[in-house]
Amino acid sequence: MYDLSGKIALVTGMAGRRGIGQAVATRLASEGAYIVVADVSPRTGTIRPDDQEAGWQGLESVVAEIEEMGCESLALVADISGSARMAAFLASSESDYVTGLSMSVSGGLEMN
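Residues numbered from 1 in each chain as written. Predicted model: local features only at pLDDT ≥ 70, side-chain atom pairs only at ≥ 80, totals over all residues. Heavy atoms only, no water.

Caption draft 1: Looking closely at the overall build of the protein chain. The helix and strand inventory of the protein chain stands at five helices and four strands. Listing every helix and strand of the protein chain by position from the N terminus yields β-α-β-α-α-β-α-α-β. Residues counted as buried form 38% of the 112 residues belonging to the protein chain. The long-range fraction of contacts in the protein chain, counting pairs at least 24 apart against all pairs at least 6 apart in sequence, stands at 72%. Of the roughly 6300 Å² that the protein chain leaves accessible, carbon and sulfur atoms contribute 51%. (Helix = DSSP H or I, 4+ residues; strand = E, 2+ residues; numbered from the N terminus. Buried < 20%, exposed > 50% of the residue type's maximum accessible area, 1.4 Å probe, protein only. Contact = heavy atoms within 4.5 Å. Areas by Shrake-Rupley, 256 points an atom, 1.4 Å probe, with all protein chains shown as cover.)

Caption draft 2: Spatial organisation of the nonpolar core. Ranked by internal contacts, the top residues of the largest apolar core, which has 16 residues, are M14, A25, L28, I35, V37 and I66. Residue assignment for this core shows that the elements contributing at least two residues are β1 (8-12), α1 (20-30), β2 (34-39) and α3 (59-68). Sorting elements by how many residues they give to this core places α3 first, with four residues. If sequence neighbours within four positions are ignored, I35 has contacts with A9, V11, A25, L28, A29, I66, E72, S73 and L74. Counting residues in hydrophobic clusters, the runner-up holds nine residues, among them L10, Y34, A38 and M86. (Core = buried A, V, L, I, M, F, W, Y, C linked by side-chain atoms within 4.5 Å.)

Caption draft 3: Broad picture of the pairing of β1. Of all five residues in β1, five are buried; the element is thus mostly enclosed. A two-sided burial pattern is seen for β1, the buried positions comprising I8, L10 and T12 on one face and A9 and V11 on the other. Across five bridges, the pairing between β1 and β2 is parallel. Across the sheet, the residue bridging to A9 is I35, located in β2. (Pairing = 2+ DSSP bridges.)

Caption draft 4: Region of interest: the environment of G70. Mapped onto the fold, G70 is located in the loop between α3 and β3 (73-77). Residue G70 is classed as exposed on the basis of its relative accessible area, which comes to 69%. Taking the C-alpha atoms as reference, G70 lies 8.8 Å from A29; in sequence the two are 41 residues apart.

Pasting the structure below:
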C-alpha cells in the first residue's frame, strides 16, 4: 500500500502486547520502515497473566515480532513523555536510527 523503505519510525508506548503502539509498529514495518520501539520500561509494570503464559517479554517481544516479519527493529528504554523529554532524548541519542528519524508515533494505550 505504502512504500516506507528507508524511513525510520519511532513508536512509543510499546511494552504492551495488545497496545496501539504494537499495532502501529508492525504495520509500519510491513510497509518497509525501520522501527525504533521505546517505552519507559522494557516490560509493562503489569503484564497480564495470559500474556505472561504466552511468553510476552515487553519490548523484547515487540522487536522479535518485527524481526520475524523480516524487518529491522531496535528497542530503547526511555521516558519521552512530553516535548521537553523527547527533545532531550533526541539530542542525547547517538544512534543513527534515531538521528535519522522520519516519523514519531505515540502508542501508550493498551487495548483489552
